[in-house]
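Report on the structure
Listed here are the chains, written in short residue letters.
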Amino acid sequence: MSLTAGIVGLPNVGKSTLFNAITNQKILAENYPFATIEPNKGIVTVKDERMDKLKEMYNPERFIPTAYEFTDIAGLVKGASKGEGLGNKFLSHIREVDAIVEVVRCFNDGKIIHVDGNIDPIRDIETINLELAIADLDIINGRLERVSKKARTTKNKDDLLEVEVLERSKKALEENIPLRRLDYTEEELKLIKSYSFLTLKPIIYLANIKEDELIEEDNEYVKAVKDYANKEHSKVISLCAKIEEELSELTEEDKKEMLDGLGLDGSGLERLVRATYDILGLATYFTVGKDEVRAWTFKKGMNAKQCAGIIHTDFEKGFIKAEVMSYSDLIEQGNELKVKEAGKARLEGKDYIMQDGDICHFRFNV
C-alpha cells in the first residue's frame, strides 16, 4: 500500500536539509523563505533486519523491501489559511499525505534567519497548527451550511449524524483541540473521510538540534516540544538534520563508524520511520521464494483476504486460503521444511487477522 508522510515547518527550520538526507536527493536548500515551492517527493526504503536475513536464506533474484514516500512541502507562514505565503497551495499538498512530520527548530544560530526573528519552538508549532485548524474550520463551516438545511428538511439519519459530527469537530477546533484528539467511531470517520481534515492526521514533531546536543538531554527547546506533544499524545524525535545529510552520503560501514563515534545506536531517519509506522498502526508481512523476497506494509487489524489484495486485487477477489508461517518460527527452525515438520505452518482463511512478521503464500482462483 502506498504511504506518504509530509515534511512541514516554518521556513528555514531544516526541512529541505532533512529531505536531502532521507532521500539522498540534492534539492534546493537555501537560507531564505520559500526556497521550496513545489513539493519534492522522494522514496526511502524501510530498513528491516528481517529482510536481510530472508535475503541470506533464499538468495532471491529480486529483493524488494518496503518503501515510504516523503514529501517536502513548502514552508508555511502565519496567515497561510487566508492565502499568505504559498497559502492554499501548501494546504492542498498536505491534504494528500497520511501523516505529518513537523520539523521544529530547536537550536540557536545567528547565521540562519528565522522568519519570526527569534527561536521559540512552541510558537512555531502553534503557528502551523493554528493555520491547519483554520483551514479545517473553513471546510466545516461551508459543509455545515449546506448539510444542516438538508438534514432539517429530510431528517435523513446520515445527514443528521454528519451535522452532529461536524458541530462537535467545530467546537473542538474553536477550543484549539486538533481533531486527532477526538474519539470518532468508525461510522463517523467514514462520514468525514472525504474532507481530508488536516488536524485529523497523525503528527510527529521532529526537533532539529545541533550536533553537540545529540546525546544530551538538557535542550530546553526539546523539553518544551515534548511537553506540548505529550498533551496530545503525539511523538517527538530529536535529530540533527545536517548530521543526517552527512550520514546519507556514507556507505553502511562508514555510517556505522560515524554513529558509533557520535555515541548513537541508529540514525534519526530510522527512528522517524519506526515512529511513523507506529502512529499509523502499520505492520509488515513477507512473501518469499527463489524468485523474490518482498516486504508488504499493511494496517494492523487487516485480515488475510484484505492483505492479499495489497499484492493484487485478483488475489483478494479469488482468495481461497493463505499459507502462513511466522518469521520467528522460520528463523528458529532454519528452513520451511522444518517449520512444516514442527507443525508450525498453517492454512488460514479469509478472516485470519494478519500479524507483523507473517510469511505468506496466497492461494486464489479468478
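Residues numbered from 1 in each chain as written. Predicted model: local features only at pLDDT ≥ 70, side-chain atom pairs only at ≥ 80, totals over all residues. Heavy atoms only, no water.

1. Overview of the overall build of the chain
Secondary structure assignment for the chain yields 14 helices and twelve strands. Among the 366 residues that make up the chain, the fraction classed as buried is 49%. Restricting the contact set of the chain to residue pairs at least 6 apart, pairs at least 24 apart contribute 69%. Approximately 18,500 Å² of the chain is accessible, and the part contributed by carbon and sulfur atoms is 48%. (Helix = DSSP H or I, 4+ residues; strand = E, 2+ residues; numbered from the N terminus. Buried < 20%, exposed > 50% of the residue type's maximum accessible area, 1.4 Å probe, protein only. Contact = heavy atoms within 4.5 Å. Areas by Shrake-Rupley, 256 points an atom, 1.4 Å probe, with all protein chains shown as cover.)

2. Digging into the side chain of Thr 276
Of note, Thr 276 is situated in helix α10 (residues 268–280). For Thr 276, a relative accessible area of 1% puts it in the buried group. For Thr 276, the residues in contact, after removing those within four places along its chain, are Tyr 68, Ala 99 and Ile 204.

3. Quick word on unusual backbone geometry
The phi dihedral of Lys 155 falls on the positive side, at around 60°, and the residue is not glycine. We classify Lys 155 as exposed; its relative accessible area is 57%.

4. Here's the deal with the nonpolar core
Judged by nonpolar contacts, the single largest core of 54 residues is most densely connected at Ile 7, Leu 18, Tyr 68, Phe 70, Ile 94, Tyr 205 and Leu 206. Among the elements that line this core, the one with the most residues is α10, at six residues. Once you skip the residues sitting within four places of it in the chain, Phe 70 turns out to touch Ala 5, Ile 7, Phe 19, Ile 22, Asn 40, Lys 41, Gly 42, Val 44, Leu 272 and Val 273. Counting 18 residues, the second largest nonpolar core, distinct from the first, contains Leu 137, Ile 140, Val 147 and Ala 151. (Core = buried A, V, L, I, M, F, W, Y, C linked by side-chain atoms within 4.5 Å.)

5. A closer look at helix α2 (residues 49–58)
Among the residues of α2, Arg 50, Met 51, Leu 54 and Tyr 58 are the ones counted as buried. End-on view of α2: buried residues confined to an arc of 95°, all on one side of the axis. Seen from the open side of α2, the exposed residues pointing more than 90 degrees away from its buried face are Glu 49 and Glu 56. Once α2 ends, the next one or two residues include Asn 59, with phi positive near 45°. (Arc of directions from axis to C-beta.)

6. Re the packing of helix α4 (residues 121–154) against helix α7 (residues 220–231)
Look at α4 against α7: their axes get within 9 Å of each other, and the N-to-C directions meet at 40°. With respect to α7, the element α4 is oriented oblique. Only Tyr 221, Ala 224, Val 225 and Tyr 228 of α7 make contact with α4, whose side of the interface consists of Pro 121, Ile 122, Ile 125, Glu 126 and Asn 129. Of the residues that constitute the contact of α4 with α7, the class distribution is seven nonpolar, one polar and one charged. (Axes fitted to C-alpha atoms, helices over the stretch in contact; angles between N-to-C directions. Parallel < 35°, antiparallel > 145°, perpendicular 65-115°, else oblique. Nonpolar A, V, L, I, M, F, W, Y, C, P; charged D, E, K, R; others polar.)

7. Description of the state of the cysteines
In protein structure, a disulfide is the covalent linkage between the sulfur atoms of two cysteines. For the coordinates displayed, the defined rule picks out zero disulfides. In this model Cys 307 remains outside any disulfide bridge; the closest cysteine sulfur is found in Cys 360, 7.4 Å from its own. (Disulfide = S-S within 2.5 Å.)

8. Comments concerning the packing of α4 against helix α5 (residues 157–174)
At a minimum axis separation of 9 Å, α4 and α5 run at an interaxial angle of 150°. Overall, the two elements α4 and α5 adopt an arrangement that is roughly antiparallel. Note on packing geometry: the crossing formed by α4 with α5 is left-handed. Residues Ala 133, Asp 136, Leu 137, Ile 140, Asn 141, Arg 143, Leu 144, Val 147, Ser 148, Lys 150, Ala 151 and Thr 154 of α4 form the contact with α5, whose own contacting residues are Asp 159, Leu 160, Glu 162, Val 163, Leu 166, Glu 167, Ser 169, Lys 170, Leu 173 and Glu 174. (Left-handed = near helix turned anticlockwise from the far one by under 90°.)

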